[in-house]
Amino acid sequence: PATQVDLAPTFLGLAGIRKPWNMDGKSLVPLLIQYTAPNDPLSAWTRRHLSSYPSFEEYAKNWRKAVFFEYYFNDPNLKCVENCVKVSEEKCYPNYDTACGVLSFPPMDCWGPCVGGCYPTESTSNNYIALRHVKGSYPFEDSLYAVFQTGNQNNENIEFDNVDFVEYFETEFDPWMLVNRRSSLSDAKK
């Protein structure tokens, strides 16, 4: 799988700039463009970038098979859809992040501050660390393993040392992740 950390190395590579040694991520260019000959209709920068990598087959074979990702609650991020206060056009979305709006097309009013009918879009129970494996990553294959813990990262670090619950999904057979298979995991996989 590719993630957002791969974008900067990709853009640098397209511009012919070697990524710094301490930058995370890998260039997607060798996976997107197969370099075959010096007279390909590619820019000299892209050609030079591609020539610094092994063959497409080798690069693809050595691409990561799992991704670690995490999320931490830090604000309830209140939103509302009623009793919105009209604000000036220059303070409207997309120039400013706002919390209230009449959700219709075309928009009936500009988005403004939330004054009533508010609801949180984030929860203190939605802190997680997760590992997503793709097909071919033995022994986990196509799966998602996530650990959740309640807390607010603004108040104290969440270390996942007091776990509330664990989820494990075999996404090849359960793409909507509806059946938590955590109890079927062997001790070695836990």
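Residues numbered from 1 in each chain as written. Predicted model: local features only at pLDDT ≥ 70, side-chain atom pairs only at ≥ 80, totals over all residues. Heavy atoms only, no water.

Draft legend 1. Structural detail: the pattern of salt bridges. Summed over the entire model, instances satisfying the criterion amount to four salt bridges. Across the pair Asp6 and Arg64 runs a salt bridge, and its minimum N-O distance is 2.8 Å. With Asp6 in the segment before α1 (7-14) and Arg64 in the loop between α4 (56-61) and β1 (66-71), the pair connects residues that are 58 residues apart, well separated along the chain. Overall, Asp6 belongs to the buried group, its relative accessible area being 0%. Classification of Arg64 as partly exposed rests on a relative accessible area of 21%. One salt bridge connects Arg132 with Asp142, and the closest N-O pair in it is separated by 2.7 Å. Here Asp142 lies in the loop between β4 (127-133) and β5 (143-149) and Arg132 lies in strand β4, a separation of ten residues in the sequence. (Salt bridge = Lys/Arg side-chain N within 4 Å of Asp/Glu carboxyl O. Helix = DSSP H or I, 4+ residues; strand = E, 2+ residues; numbered from the N terminus. Buried < 20%, exposed > 50% of the residue type's maximum accessible area, 1.4 Å probe, protein only.)

Draft legend 2. Looking closely at the nonpolar core. Core analysis: the largest hydrophobic core is formed by five residues, namely Ala130, Leu144, Ala146, Phe148 and Phe169. Top contributing element to this core by residue count: β5, with three residues. Beyond its immediate chain neighbours, meaning those up to four positions away, Phe148 contacts Ser125, Asn126, Asn127, Tyr128, Phe160, Val163, Asp164, Phe165 and Glu167. (Core = buried A, V, L, I, M, F, W, Y, C linked by side-chain atoms within 4.5 Å. Contact = heavy atoms within 4.5 Å.)

Draft legend 3. Examining the sheet that holds strand β6 (residues 165-170) more closely. Taken in spatial order, the four strands of this open sheet run β1-β4-β5-β6, and their pairing is antiparallel. Edge positions in the sheet fall to β1 and β6, since each of these pairs with one other strand and no more. Shown here is a sheet whose adjacent strand axes are inclined to one another by a mean of 10°, direction ignored. Relative to β6, β5 runs antiparallel, the two being bridged by six bridges. Pairing of Val147 across the sheet is with Val166, part of β6. (Pairing = 2+ DSSP bridges. Axes fitted to C-alpha atoms, helices over the stretch in contact; angles between N-to-C directions.)

Draft legend 4. Molecular detail of the side chain of Gln149. In this fold, Gln149 is placed in strand β5. The exposure class assigned to Gln149 is buried, which follows from its relative accessible area of 8%. Reaching out from Gln149, the side chain makes a polar contact with the backbone nitrogen of Asn162 at a distance of 3.0 Å. If sequence neighbours within four positions are ignored, Gln149 has contacts with Thr124, Asn127, Ile158, Glu159, Phe160, Asp161, Asn162, Val163 and Asp164. (Polar contact = N/O pair within 3.5 Å; in protein donor to acceptor, adjacent residues only side chain to side chain.)

Draft legend 5. Looking closely at the environment of Ser137. By secondary structure assignment, the location of Ser137 is in the loop between β4 and β5. Of the residues examined, Ser137 reaches a relative accessible area of 6% and is grouped as buried. C-alpha of Ser137 to C-alpha of Arg64: the two residues are 73 residues apart in sequence and 9.0 Å apart in space.

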